[in-house]
Amino acid sequence: MSTSVPEKAAELFLEGYNCAQSIYAAFAPRMGITEKQAARLASALGGGLCRMRETCGAVSGGMMVLGALLGYDDPKDDEAKKRLYARGQRVMKQFKERYGTLNCLELLKLPKGGALSPVPTPRTQEFYQKRPCARFIYEMARLVEEELSLPEPEL
């Protein structure tokens, strides 16, 4: 039995990848790149952008997937921009409706104004039991996968 993309994304997090890497690497085969290439490309987006606790890495990784698979490369193609942004907004709105925010700090219920450090938190059993990230990663991967199967939104 094969693993679904959302399950794969959650598994990658449990292997030690950050939230953005987990999403992006789970979609790597669809994008024609390796998991390692995907992990490197998304590596600075973990911890809410380099552990700044801003936009959730799962959200950033999900938007990277949409860009890679549905994005545009002509800066003058406003219709393509509109279509991509509409799809991304549709995914992010669903995530925000479910969890109340797209912000890492708020998702993790961390204190505002706390000291920020570039040092990653050690990945222990206690870490995985306390952190809800695998749930956010699974849901974002599911929403992105669903979006990829939907027709383009009406604009």
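Not measured: the values here are computed from a predicted model. Along each chain, numbering runs from 1 in the same order as the chain's sequence is written. Where local features are concerned, this predicted model is filtered to residues with pLDDT of at least 70; where side-chain atom pairs are given and counted, the filter is 80 or more; whole-chain, interface and lining totals use all residues. Hydrogens and water are ignored here; the side-chain numbers use all heavy atoms of the structure.

> Give a detailed account of the overall build of the chain, specifying residues and quantitative values.
In this text, helices come from DSSP runs of H or I with a minimum length of four residues, and strands from runs of E with a minimum of two, each type numbered from the N-terminal end. Helices and strands together make up the secondary structure of the chain, namely 10 helices and zero strands. When the helices and strands of the chain are placed in sequence order, the string is α-α-α-α-α-α-α-α-α-α. Throughout, radius of gyration means the C-alpha value; the globule benchmark is 2.2 Å times the number of residues raised to the power 0.38. The globule rule puts the C-alpha radius of gyration for 155 residues at 15 Å, and the 15 Å found for the chain is close to it. Taken along its principal axes, the extent of the C-alpha atoms in the chain is 45 × 40 × 25 Å. Accessible area is worked out with a 1.4 Å probe on protein chains only. A residue is then buried under 20% of its type maximum, exposed over 50%, and partly exposed in between. A burial count over the chain gives 41% of its 155 residues as buried. Within the chain, contacts between residues at least 6 apart in sequence are counted, and of these 68% link residues at least 24 apart. Accessible surface, the chain as shown: approximately 9,000 Å² in total, 53% of it carbon and sulfur. Only four residue types enter the tally: Lys and Arg on the positive side, Asp and Glu on the negative side; His and the chain ends are excluded. The location of each charge is read from NZ of Lys, CZ of Arg, CG of Asp or CD of Glu. The average position of the 22 basic charges and that of the 19 acidic charges among the side chains of the chain differ by 7 Å. Two residues qualify as a contact provided that any one of their heavy atoms is within 4.5 Å of a heavy atom in the partner residue. Each accessible area is a Shrake-Rupley estimate made with a 1.4 Å probe; only the visible protein chains count as cover when residues are assessed.

> Talk me through the pattern of salt bridges; I want residue IDs and the actual numbers.
Put simply, a salt bridge is a Lys or Arg side-chain nitrogen that is within 4 Å of an Asp or Glu carboxyl oxygen. Taken as a whole and assessed by the stated rule, the structure comprises 11 salt bridges. With a closest N to O distance of 3.9 Å, D78 and K81 form a salt bridge. Placement of both D78 and K81 in helix α7 (residues 78-99) is noted, with a separation of three residues, approximately one turn of the helix. Between E139 and R98 there is a salt bridge, and its shortest N-O distance comes to 3.0 Å. In this pair, E139 is assigned in helix α10 (residues 133-149) and R98 in helix α7, connecting sequence segments 41 residues apart. With relative accessibility at 5%, the residue E139 sits in the buried group. Among the charged side chains, a salt-bridge network with shared partners connects R98, E139, R142 and E146.

> So what's going on with helix α4 (residues 35-42)? Residues and values would help.
Those residues of α4 not exposed but buried are A38, A39 and A42. Here the buried residues of α4 occupy an arc of 100° about the axis, which is enough to place them on one side. Turned more than 90 degrees away from the buried face of α4 sit K36, R40 and L41, all of them exposed. Note: the arc covers the axis-to-C-beta directions of the helix.

> Before we move on, can you summarise the packing of α7 against α10 with the specific residues and values?
Axes here mean lines fitted to C-alpha atoms, for a helix over just the part in contact, with angles spanning 0 to 180 degrees between N-to-C directions. In the contact formed by α7 and α10, the axes pass within 10 Å of each other and the chain directions differ by 145°. Of the two elements, α7 crosses α10, and the hand of that crossing is right-handed. Seen from α7, the contacting residues are R87, R90, V91, Q94, F95, R98 and Y99; seen from α10, they are R135, F136, E139, M140, L143, V144, E146, E147 and L148. Under the scheme applied here, ten amino acids are nonpolar (Ala, Val, Leu, Ile, Met, Phe, Trp, Tyr, Cys and Pro), four are charged (Asp, Glu, Lys and Arg), and all others, including Gly, are polar. Here the contact of α7 with α10 is composed, by residue class, of eight nonpolar, one polar and seven charged. By convention the crossing between two helices is left-handed if the near helix lies anticlockwise of the far one by an angle smaller than a right angle, and right-handed if it lies clockwise.

> So what's going on with the side chain of E139? Residues and values would help.
Within the structure, the side chain of E139 is placed 3.0 Å from the side chain of R98, a separation counted as a polar contact. Setting aside residues no more than four positions away along its own chain, E139 makes contact with F95, R98 and Y99. Here a polar contact means two N or O atoms within 3.5 Å. Within protein one must be a hydrogen donor candidate and the other an acceptor candidate, and residues neighboring in sequence count only if both atoms are side-chain atoms.

> Summarise the packing of aromatic side chains; cite the residues concerned and give the values.
Classification of ring pairs uses Phe, Tyr and Trp, with its six-membered ring standing for Trp, and accepts pairs whose centres are within 6.5 Å; under 30 degrees between planes counts as stacked, over 60 as edge-to-face, and the remaining range as tilted. All told, the structure shown has seven aromatic pairs when counted by the stated rule. Where F13 meets Y128, the ring centres are 5.7 Å apart and the plane angle is 90°; that geometry is what we call edge-to-face. Pair noted here: F13 is in helix α1 (residues 5-14) and Y128 is in helix α9 (residues 125-130), with a separation of 115 residues, a long-range link. Residue class for F13 comes out buried when judged on its relative accessible area of 2%. What makes Y128 buried here is its relative accessible area of 17%.

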